[in-house]
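# Reading the structure
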Amino acid sequence: MKTMTTSRMQAVQSPVIPIVGELIRTFPGTISLGQGIVYYPPPPEATDLTQFFADPTNHQYKAIEGISPLIAAIKAKLQAFNSIALDKQCIMVTAGSNMGFMNALLAITSIGDEIILQKPYYFNHEMAIQIAGCRPVFVSTDENYQLRPDAIAQAITAKTKAVVTISPNNPTGAVYSEEALHKVNQLCRDRGIYHISDEAYEYFTYDGVKHVSPGAFPHSNAHTISLYSLSKAYGFASWRIGYMVIPENLLVDIKKVQDTNLICPPVVSQYAALGALQTGFDYCRSHIQAIASVRQVVVRSLDSLQGLCTIAPANGAFYFLLKVHTQLDAFELTKRLIREHRVAVLPGTVFGMDQGCYLRVAYGALQESTAKEGMERLVKGLQTILA
């Protein structure tokens, strides 16, 4: 029998969240500080608006780029919150912002091209680049997980097609400064490459720190691809709706990609998304304030790990990335924390942090009482294991 050829998928890492999820199920009672989700559901207006899906025509294919009422609501939000005026830019509704990232990759690259990721990186971005037949080029952030524009500039080659930034950041919780984002955006413009800006956590900032959208910078419209998601802010994870803001010259190619993979975003989810956006940021604000209170519980608990861990500032999203002072493998440490102390985190190796032991702590899904118990288990577990 002829041997089957090796697929490019051999180079793609396996998703870690299902692996950790199976470990959690094996040890009942485990508190998860692992998956990046929020504790609250979508607003009632989201499900209320799905009644409009009853129109018989909604069971047919709709526009590749999304239904017009949702596009209009997104446009209004972009202008009001992100200061993006849509000058020669287009909106594309997607099945989550991960799909938007893949759409962008397939539209702007050829096999063998390079995409620059900041390290630590979001693992689905690295996986998508491998799946697309491209090469991820990693540029390390600084000791506080902030951008290093000079290092990014040095990493650009003739094969580079884009620089990716995520702010607020997954997995670090870092929020990039306007100055640093502007330098990266200007660098991309000067070098004739794209700046892909993932802003899925745009609303989740704390202690007076503000979110900045590179797509709002002057002269950024022709080279900036901005990705957004309803999954976090509106408790919308399983509805799978995100959207992209793209230069108009990419619209035809991205429609080709989306028509092939999806045809159109699920229409019932689009109506729910319309209902969510119509409630506006007021719905999100009170929930984000509650998450900010949980964050304070996490911060106080992490203070007791000083000496055992290095903990960088994290003013956004709902993550901390700990550098643990140990020679233990991060995944082995993760498994021991679940088995022996019933608390789950994610190992930093899946985010590219393979030099040293790193753990991502996520707190968006927790109430204060659960967060307190989970952090007590984490602190006690690390103190016990590292002793």
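What comes next is a walk through the structure. Each chain carries its own residue numbering, running from 1 in the written order of its sequence. Side-chain atom pairs in this predicted model are given and counted only at pLDDT of 80 or more, local residue features only at pLDDT of at least 70, and totals for whole chains, interfaces and linings cover all residues. Side-chain metrics rest on all non-hydrogen atoms present in the structure, leaving aside hydrogens and water.

## Points about the environment of Tyr 283
Among the structural elements, Tyr 283 can be located in helix H10 (residues 281–303). When the C-alpha positions of Tyr 283 and Thr 141 are compared, they lie 34 Å apart, and in sequence the two are 142 residues distant. Any two residues having at least one pair of non-hydrogen atoms within 4.5 Å are treated as being in contact. Residues within four places of Tyr 283 in sequence aside, it is in contact with Tyr 40, Pro 41, Pro 42, Pro 43 and Tyr 234. A distance of 3.4 Å separates the side chain of Tyr 283 from the backbone oxygen of Pro 42, its partner in a polar contact. Here a helix means four or more residues in a row that DSSP labels H or I, a strand means two or more in a row labelled E, and each is numbered from the N terminus. Pairs of N or O atoms within 3.5 Å make up the polar contacts considered here, provided that, within protein, one atom can donate a hydrogen while the other can accept it, and that residues adjacent in sequence are counted only when both atoms are side-chain atoms.

## Remarks on the sheet that holds strand S5 (residues 160–166)
Two strands qualify as a pair provided that DSSP identifies no fewer than 2 bridges between them. Read from one edge of the open sheet, 7 strands run S2-S8-S7-S6-S5-S3-S4, paired in mixed fashion. Each edge of the sheet is formed by a strand with only one pairing partner; in this case those strands are strand S2 (89–94) and strand S4 (135–140). Strand after strand, the sheet turns through a mean of 20° between neighbouring axes, direction not considered. Both strand S7 (residues 224–229) and strand S8 (residues 242–247) contribute to a ladder of 4 bridges, which runs antiparallel. Within S8, the position partnered with Ser 229 by the bridge is Gly 242. Here, axes are lines fitted to C-alpha atoms. For helices the fit covers the stretch in contact, and angles between N-to-C directions go from 0 to 180 degrees. Here helix H4 (residues 97–108) sits on the sheet and contacts S2, strand S3 (114–119), S5, strand S6 (194–198), S7 and S8; the angle it forms with S7, its principal contact strand, is near 160°.

## Side note on the environment of Leu 321
Counting through the fold element by element, Leu 321 comes out in strand S10 (residues 319–324). Between the alpha carbons of Leu 321 and Thr 310 there is a distance of 8.9 Å; along the sequence they are 11 residues apart. In this structure, Leu 321 is in contact with Pro 120, Tyr 145, Pro 171, Thr 172, Thr 310, Met 353, Tyr 358, Leu 359 and Arg 360, ignoring residues within four places of it in sequence.

## So, the side chain of Thr 160
With respect to the helices and strands, the residue Thr 160 is situated in strand S5. A polar atom in the side chain of Thr 160 sits 2.8 Å from the backbone nitrogen of Thr 157. Residue contacts for Thr 160: discarding those within four places in its chain leaves Glu 114, Ile 116, Ala 155 and Ile 193.

## Some details on the packing of H4 against helix H5 (residues 123–131)
One can describe the packing of H4 onto H5 by two numbers: an axis separation of 10 Å at closest approach and a directional angle of 35°. The hand of the H4/H5 crossing is right-handed. Contacts from Asn 98, Phe 101, Met 102 and Leu 105 in H4 reach Asn 124, His 125, Ala 128, Ile 129 and Ile 131 in H5. Each residue gets one label: Ala, Val, Leu, Ile, Met, Phe, Trp, Tyr, Cys and Pro are nonpolar, Asp, Glu, Lys and Arg are charged, and the others, such as Gly, are polar. Grouping the constituent residues of the contact of H4 with H5 by class yields 6 nonpolar, 3 polar and no charged. When the near helix sits turned anticlockwise from the far one by under a right angle, the crossing is termed left-handed; a clockwise turn instead gives a right-handed crossing.

## A word on the sheet that holds strand S12 (residues 346–347)
Spatially, 4 strands are ordered S9-S10-S13-S12 in an open sheet, and the strand pairing comes out antiparallel. At either end of the open sheet lies a strand with only one pairing partner, and these are strand S9 (309–311) and S12. Pairing of S10 with strand S13 (residues 357–362) involves 6 bridges; the strand directions are antiparallel. In the strand pairing of S13, Phe 320 is matched with Val 361. Across the face of the sheet, helix H11 (residues 330–341) comes into contact with S10, S12 and S13 while running at roughly 45° to S13.

## Some thoughts on the packing of H4 against helix H8 (residues 251–261)
Where H4 contacts H8, the two axes come as close as 9 Å, and the packing angle between them is 125°. Judged by the inter-axis angle, H4 sits oblique to H8. In the packing of H4 onto H8, the handedness of the crossing is right-handed. Contacts from Met 99, Asn 103, Leu 106 and Ala 107 in H4 reach Asp 253, Ile 254, Val 257, Gln 258 and Asn 261 in H8. Counted by class, the contact of H4 with H8 contains 5 nonpolar, 3 polar and 1 charged residues. Angular relationships are summarised with four words: roughly parallel below 35 degrees, roughly antiparallel beyond 145, roughly perpendicular across 65 to 115, and oblique for the angles in between.

## Here we look at unusual backbone geometry
The amide bond that connects Lys 119 to the next residue, Pro 120, takes the cis arrangement and shows omega of 10°. For Pro 120, the position within the fold is in the loop between S3 and H5. Put simply, Asn 170 and Pro 171 share a cis peptide bond, and its omega is 25°. Mapped onto the secondary structure, Pro 171 falls in the loop between S5 and helix H7 (178–191). In this model, Arg 240 sits at a positive phi of 55°, which is unusual for a non-glycine residue. Positive phi is not limited to glycine here, since Arg 342 has a value of about 55°.

## Some details on H10
Relative to the 33 Å expected for 23 residues at 1.5 Å per residue, H10 spans 32 Å between its end C-alpha atoms, a close match to the ideal helical length. Each residue is assigned to one of three classes by its accessible area relative to the maximum for its type, calculated with a 1.4 Å probe on protein chains only: buried under 20%, partly exposed between the two thresholds, exposed over 50%. Burial in H10 covers these residues: Tyr 283, Cys 284, His 287, Ile 288, Ile 291, Val 294, Arg 295, Val 297, Val 298, Ser 301 and Leu 302. The inward-facing, buried residues of H10 contact helix H9 (267–279), S9, S10 and helix H12 (368–386). The span you would expect from a helix comes to 1.5 Å times its residue count less one.

## Considering the nonpolar core
Counting residues in each nonpolar core, the largest one holds 71 residues, and the members touching the most others are Phe 204 and Tyr 234. A per-element tally of this core places H10 first, with 8 residues. Setting aside chain neighbours within four positions, we find Phe 204 in contact with Val 38, Tyr 40, Pro 168, Lys 232, Ala 233, Ile 288, Ile 291, Asn 315, Gly 316, Ala 317 and Phe 318. Definition of nonpolar core: a set of buried residues of the types Ala, Val, Leu, Ile, Met, Phe, Trp, Tyr and Cys, connected through side-chain atoms within 4.5 Å. By size, the runner-up hydrophobic cluster in this structure holds 26 residues, among which are Leu 105, Leu 117, Ile 129 and Met 244.

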